[in-house]
Amino acid sequence: KQAAGGGGKGVYYQTLARQLCDFLRHGNRLIEAGGMMTLTDVYCLFNRARGTNMIAPEDLLKALHWMKELNLGMSKREFPSGVVVIQDDSFDDDVMAENLKKLAFDSEGKGGMMALDVSRSLKVSAMLATEQLLNAERMGYLCRDVTLEGMRFFPNRFETGIFSQ
């Protein structure tokens, strides 16, 4: 750390940001995770790969700032709930919402879809599936029904006006 940037200067964090992006691109880790990963997952995977040369959580947060500055194709995103992820810049909320809408149409006869259903289908964590579902709801693609069993999501038929299908 001190050799690269004098104990906290930008050079160390720029280098760390580049290493982190290379790590997430290698083997399409970020793409296979649905285009985003929680900071906790990234931190654990990255440190496991580094062996004894681990980074501190603060270093990860500072490196995230540089990802956007250096146009490395990834950036930090914070959901309204406070969940923080690293997201591929090519990730598109509209595309994800359309995919979720299709899943919702497919699961409509089964009583809607829950976060665990989406988690299995998209191969993402349940927490990220929930965030994606809530985001698609905010965008108007889905509606939700909250019951004692949990949240179930359905296609938003109020947008189209087509209620019989």
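Residues numbered from 1 in each chain as written. Predicted model: local features only at pLDDT ≥ 70, side-chain atom pairs only at ≥ 80, totals over all residues. Heavy atoms only, no water.

1. Some details on empty space enclosed by the protein
Here is step 1: Applying the stated criterion across every chain yields a total of one cavity of 30 Å³ or more.
Here is step 2: Of the voids in this model, the largest cavity is the one considered here, and its volume is about 30 Å³.
Here is step 3: Along the walls of the largest cavity sit Gly-34, Met-36, Met-96, Val-124, Leu-128 and Gln-132, which together make up its complete lining.
Here is step 4: For the lining of the largest cavity, a count of residues per class yields four nonpolar, two polar and no charged. (1 Å grid on protein atoms, 1.4 Å probe; cavity = no way out; pocket = protein on both sides within 12 Å on 5 of 7 lines; lining within 4 Å. Points joined across faces, edges and corners; volume = space filled by probe spheres on them. Nonpolar A, V, L, I, M, F, W, Y, C, P; charged D, E, K, R; others polar.)

2. Remarks on the sheet that holds strand E3 (residues 84-88)
Here is step 1: Within the open sheet, the three strands sit side by side as E1-E3-E2. Their pairing is antiparallel. The sheet is open, and its two edges are formed by strand E1 (36-38) and strand E2 (74-78), each paired on a single side. The sheet shows a mean angle of 30 degrees between the axes of neighbouring strands, taken without regard to direction.
Here is step 2: Where E1 meets E3, three bridges bridge the pair, whose relative direction is antiparallel. Each residue of the ladder has a partner; that of Thr-38, found in E3, is Val-85.
Here is step 3: The strands that helix H4 (residues 39-50) touches are E1 and E3; relative to E1, the one it contacts most, it runs at about 85 degrees. (Pairing = 2+ DSSP bridges. Helix = DSSP H or I, 4+ residues; strand = E, 2+ residues; numbered from the N terminus. Axes fitted to C-alpha atoms, helices over the stretch in contact; angles between N-to-C directions. Contact = heavy atoms within 4.5 Å.)

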